[in-house]
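Structural overview
For reference, the chains in residue letters:
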Amino acid sequence: MKSLKALLAKPFARRIQKKVSKWANNPLETQEKVFKKLIKEAAQTAFGKDHDFKNIQTHDDFTKRVPVRDYEGLRLYVDRVVAGENDILWKGKPLYFAKTSGTTSGAKYIPITKESMPTHVEAARNAILLYIAETGNTKFVDGKMIFLQGSPVLEEKNGVKLGRLSGIVAHYVPGYLQKNRMPTWETNCIEDWETKVEAIVDETLPEKMAIISGIPSWVQMYFERIEARTGKKIGDVFPDFNLFIFGGVNYEPYRSKFENLIGRKVDSIELYPASEGFFAFQDQQHDKGMLLQLNSGIFYEFIKADAFFDENPTRITLKDVQLGVNYVMIISTNAGLWAYNIGDTVEFTSLKPYKVIVSGRIKHFISAFGEHVIGKEVEHALNEALQNSGASINEFTVAPQINPSEGLPYHEWLIEFEQEPKNLEAFAATMDASLQKQNSYYLDLITGKVLQPLKITKIQKDGFQNYMKSIGKLGGQNKIPRLSNDRKIAETLTNYKKA
């Protein structure tokens, strides 16, 4: 017999679906309202005064007054907020700082305000409710759910609490989910990731787990510990497990490994959250595109990725985006980020409604020879090779090898295989052919004998985990870049090369 919670979930889900449809079907009007409200609310802040917000009426006015900045570009203002000043980027003070480890900036402090915080929680909730509205599946509502996340322990800086985004969000789990939520608060507070995973396994093994959520690479580590402990498939250990929620990286390279660990297929929902905002979520099972959150206090602009480093690239709004183009996403938010480059590139898969996939990072590309290879291209090439090869992988990254000991330069793929392909050379050739097909620059460099075809370096089991541990970034929200334009990661990873 269904519980009251399961019975009430469907009508609630339908109500939320209607609410979401309302703004999703009026995208330009919704975004215009968000834009106007943001400018009005921030007009009296230090940033608003410095950038003449009182005279901004249109997007054109905005682009003339507010340049695109990344964290370093906005840092003078952020430092004032961190120092405890009021009314700098947004009115008053933020509720929190989401602390992230920037690669060039050291620690970053991303403000989260009382206006922006609810949008993070609401989008995550809506993703699950729209899944219920579409599938009618409420079986998981009464089961246990786990969110593999950072520690919820918060520090304080000049009267503002700070911590990892996932740790901050842990304080906002709705009351009706608290009873079902795992791990316990004490376990979630364990800082050492490996100790934490073992404690999570201890706690969850006796439970009826229904939803499992987290970054795929870290969920995989949790699954492997369970399999090692029980000798069983995850689907047998947790027969009620039927929904996997993930974000942060593309799931496709992990899919076959996951299905093998679980022993059956489970539904999945992809989310696109970041410290700077919750941008999109998958709202239909058959569609990999994620619904862009247009009513969440975020105004979006887009710059074509291949023009991004030009002197004065064109900034467009939603009305001018096209399908299949790689864009750098620029955001202005009710947390006080203005024309802010979060570093992600996206591609639109639908314009009615507006849906995106994350295609990579504007900083994470390989163009050591002018090839402009991006994350989406390497992931697609790997997936093509994995199909019908019988192979599965745990992790991978790609880097240029500019000065090989012999022969022409090439792209080095460092791959930790779970199951190696029967024919590694054929596997590499399939990937290289896919890259040539996707990227005309790469094709020209191969045919022009500037580069030789890619080469694979096999990394030993747990090599990537050991690498992340060695740089102090094991677990939580940390993830390895898919590609780099230098050899910093590759050189260290070769210490874990398979003999």
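Scroll up to find the structure this text is about.
Residues numbered from 1 in each chain as written. Predicted model: local features only at pLDDT ≥ 70, side-chain atom pairs only at ≥ 80, totals over all residues. Heavy atoms only, no water.

Notes on the nonpolar core
Ranked by internal contacts, the top residues of the largest apolar core, which has 90 residues, are Phe53, Phe302, Met329 and Trp338. One finds Leu148, Val201, Met209 and Leu414 within the second-largest nonpolar core, a separate group that totals 41 residues. (Core = buried A, V, L, I, M, F, W, Y, C linked by side-chain atoms within 4.5 Å. Buried < 20%, exposed > 50% of the residue type's maximum accessible area, 1.4 Å probe, protein only.)

A few points about the packing of helix H15 (residues 424-438) against helix H16 (residues 440-447)
For the pair H15 and H16, the least separation of the axes is 5 Å and the interaxial angle reads 120°. One way to sum up the angle between H15 and H16 is to call them oblique. On H16, the residues that touch Asp432, Leu435, Gln436 and Gln438 of H15 are Ser440, Tyr442, Leu443 and Ile446. Class assignment of the residues belonging to the contact of H15 with H16 gives a composition of four nonpolar, three polar and one charged. (Axes fitted to C-alpha atoms, helices over the stretch in contact; angles between N-to-C directions. Helix = DSSP H or I, 4+ residues; strand = E, 2+ residues; numbered from the N terminus. Parallel < 35°, antiparallel > 145°, perpendicular 65-115°, else oblique. Contact = heavy atoms within 4.5 Å. Nonpolar A, V, L, I, M, F, W, Y, C, P; charged D, E, K, R; others polar.)

Quick notes on the packing of helix H10 (residues 193-204) against helix H11 (residues 216-230)
At their nearest, the axes of H10 and H11 sit 10 Å apart, and the two run at 55° to each other. Overall, the two elements H10 and H11 adopt an arrangement that is oblique. When the axes of H10 and H11 are compared, the crossing they make is right-handed. Contacts between H10 and H11 pair Trp193, Glu194, Val197, Glu198, Ile200, Val201, Asp202 and Thr204 from the former with Trp218, Met221, Tyr222, Arg225, Ile226 and Arg229 from the latter. Tallied by class, residues from the contact of H10 with H11 come to eight nonpolar, one polar and five charged. (Left-handed = near helix turned anticlockwise from the far one by under 90°.)

Describing the packing of aromatic side chains
For the coordinates displayed, the defined rule picks out 23 aromatic pairs. Ring geometry for Tyr272 and Phe279: centres 5.2 Å apart, planes at 65°, overall edge-to-face. Chaining the aromatic ring pairs together yields one cluster made of Tyr272, Phe279, Tyr300, Phe302, Tyr327, Phe348 and Tyr354. A cation over a ring is seen here: Lys455 above Tyr410, with NZ or CZ 5.1 Å from the ring centre. (Phe/Tyr/Trp six-rings, centres within 6.5 Å; stacked < 30°, edge-to-face > 60°. Lys NZ or Arg CZ within 6 Å of the ring centre and 35° of its normal.)

Side note on the pattern of salt bridges
Evaluation of the coordinates by the stated rule reveals 29 salt bridges. Between Lys91 and Glu41 there is a salt bridge; the shortest N-O distance is 2.1 Å. You can see Lys91 sitting in the loop between helix H5 (71-82) and strand S1 (96-102) and its partner Glu41 sitting in helix H2 (residues 27-41), a full 50 residues away along the chain. For Lys91, a relative accessible area of 33% translates into the label partly exposed. Classification of Glu41 by relative accessible area gives partly exposed; the value is 27%. Counted as one network, the salt bridges with shared partners bring together Glu194, Glu198, Asp202, Arg225, Arg229 and Lys469. (Salt bridge = Lys/Arg side-chain N within 4 Å of Asp/Glu carboxyl O.)

Everything listed here is a matter of geometry and, on its own, says nothing about what the molecule does.
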